[in-house]
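Here are the chains, one letter per residue:
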Amino acid sequence: DAGITQSPRHKVTETGTPVTLRCHQTENHRYMYWYRQDPGHGLRLIHYSYGVKDTDKGEVSDGYSVSRSKTEDFLLTLESATSSQTSVYFCAISLTSGFSYNEQFFGPGTRLTVL
Amino acid sequence: TQLLEQSPQFLSIQEGENLTVYCNSSSVFSSLQWYRQEPGEGPVLLVTVVTGGEVKKLKRLTFQFGDARKDSSLHITAAQPGDTGLYLCAGTNAGKSTFGDGTTLTVKP
């Protein structure tokens, strides 16, 4: 089974502060994703990565940046947190390598509150 | 932007009833995934459908992909309280998935 850990699991911060969320996988899956989930909404893609130092924007990337210096770690940074970024953040890896498939395995999530 | 609409948004039924959840789009997808999510946890993959008209069964769950690969349905037979959760569909193209807003299912004993 793919193992994904996210840290921290919960965080409360203040408006204007930078925040970094970490996603760590125990296997060498190439594709990794960051999503946010808000009440009444499904998952919305923030950024994704298709390899070390290879990243691209998703549909809600404004205010977020990512980095991937090692295969196993994918970091999401909120450069200056705002209350609209209060959400639950999920990291995922793609279990299938085909371009037509995207069977994802999700981490446990990080609940972020921006006051 | 590829949009996926799920209906109904909320569904509350009694144990033993049957139900169908729908996932519709104007876009064509290479494949479509269904996930189930419980409170406080990440989504868990249930199934992938790829071919237009495809039907897959997973115990009491039946998944169908539309002929034009734009829509899908999930049918649950004889629902049980353990089926309670948020059901999400996700359409995939070029390695990226677009998620619907989900259907929250509550099965009462």
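Placed above this text is the structure.
Residues numbered from 1 in each chain as written. Chains lettered and ligands numbered in written order. Predicted model: local features only at pLDDT ≥ 70, side-chain atom pairs only at ≥ 80, totals over all residues. Heavy atoms only, no water.

Draft legend 1. How the structure looks around the overall build of chain B. Within chain B one finds zero helices and eleven strands. For chain B, the succession of helices and strands along the chain, N to C, is β-β-β-β-β-β-β-β-β-β-β. Here chain B has a C-alpha radius of gyration of 13 Å; the compact-globule value for 109 residues is 13 Å, and the two agree. Over its C-alpha atoms, taken along the principal directions, chain B stretches across nearly 40 × 30 × 20 Å. Looking at chain B residue by residue over its 109 residues, the buried ones come to 46%. Considering only contacts within chain B whose residues lie at least 6 apart along the sequence, 52% involve residues at least 24 apart. Total accessible area on chain B is roughly 5100 Å²; 49% of this is exposed by carbon and sulfur atoms. Within chain B, one finds 9 positive and 10 negative side-chain charges whose respective centroids are separated by 5 Å. (Helix = DSSP H or I, 4+ residues; strand = E, 2+ residues; numbered from the N terminus. Rg over C-alpha atoms; globule rule 2.2 N^0.38 Å. Buried < 20%, exposed > 50% of the residue type's maximum accessible area, 1.4 Å probe, protein only. Contact = heavy atoms within 4.5 Å. Areas by Shrake-Rupley, 256 points an atom, 1.4 Å probe, with all protein chains shown as cover. Lys, Arg positive; Asp, Glu negative; His and termini not counted. Charge placed at Lys NZ, Arg CZ, Asp CG, Glu CD.)

Draft legend 2. Quick look at the overall build of chain A. Across its full length, chain A carries zero helices and eleven strands. In chain A, the succession of α and β elements from N to C terminus is β-β-β-β-β-β-β-β-β-β-β. For chain A, whose C-alpha radius of gyration is 13 Å, the value lies close to the compact-globule estimate of 13 Å for 115 residues. Each principal axis of the C-alpha atoms in chain A carries an extent, and together these give about 40 × 30 × 25 Å. A buried classification covers 47% of the 115 residues belonging to chain A. Here the analysis covers contacts within chain A between residues at least 6 apart in sequence; of these, 54% occur between residues at least 24 apart. Per element, the accessible surface of chain A, about 5400 Å² overall, is 49% carbon and sulfur.

Draft legend 3. Just the pattern of salt bridges, in detail. All names here are of chain A. Applying the stated criterion across every chain yields a total of seven salt bridges over all chains. Across the pair aspartate 38 and arginine 44 runs a salt bridge whose closest N-O atoms are separated by 2.7 Å. By relative accessible area, arginine 44 is classed as partly exposed at 25%. The salt bridge partner of aspartate 73 is lysine 70, with a shortest N-O separation of 3.4 Å. The network of salt bridges with common partners includes Arg22, Lys70 and Asp73. (Salt bridge = Lys/Arg side-chain N within 4 Å of Asp/Glu carboxyl O.)

Draft legend 4. How the structure looks around the interface of chain A and chain B. Taken together, the contacts link 21 residues of chain A with 23 residues of chain B. Between chain A and chain B, the buried area comes to about 1700 Å², and carbon and sulfur atoms account for 53% of it. Counting every contact that joins chain A to chain B gives eight residue pairs in polar contact (both at pLDDT 80 or more). Looking at the side of chain A that touches chain B, the elements with two or more residues in it are strand E4 (32–37), strand E5 (43–51) and strand E10 (104–106) of chain A. Of the residues in the side of chain A that touches chain B, the class split is ten nonpolar, eight polar and three charged. (Buried area = accessible area lost by both parts, 1.4 Å probe. Polar contact = N/O pair within 3.5 Å; in protein donor to acceptor, adjacent residues only side chain to side chain. Nonpolar A, V, L, I, M, F, W, Y, C, P; charged D, E, K, R; others polar.)

Draft legend 5. How the structure looks around the pairing of strand E7 (residues 61–65) of chain B. Residue and element names in this part refer to chain B. Because side chains alternate across E7, one face comprises the buried residues Leu61, Phe63 and Phe65, and the other comprises Thr62 and Gln64, none of which is buried. Examined bridge by bridge, strand E6 (residues 55–58) and E7 share four bridges and lie antiparallel to one another. Residue pairing across strands places lysine 57 opposite threonine 62, the latter belonging to E7. Counting the residues in the hairpin turn of E6 and E7 gives two residues, including lysine 59, whose phi is positive at 55°. Pairing analysis gives five bridges linking E7 to strand E8 (residues 71–76), with the strands arranged antiparallel. Within E8, the residue paired with phenylalanine 65 across the bridge is serine 72. Following E7, the chain reverses through five residues before pairing antiparallel with E8; arginine 69 in that reversal takes a positive phi of roughly 60°. (Pairing = 2+ DSSP bridges.)

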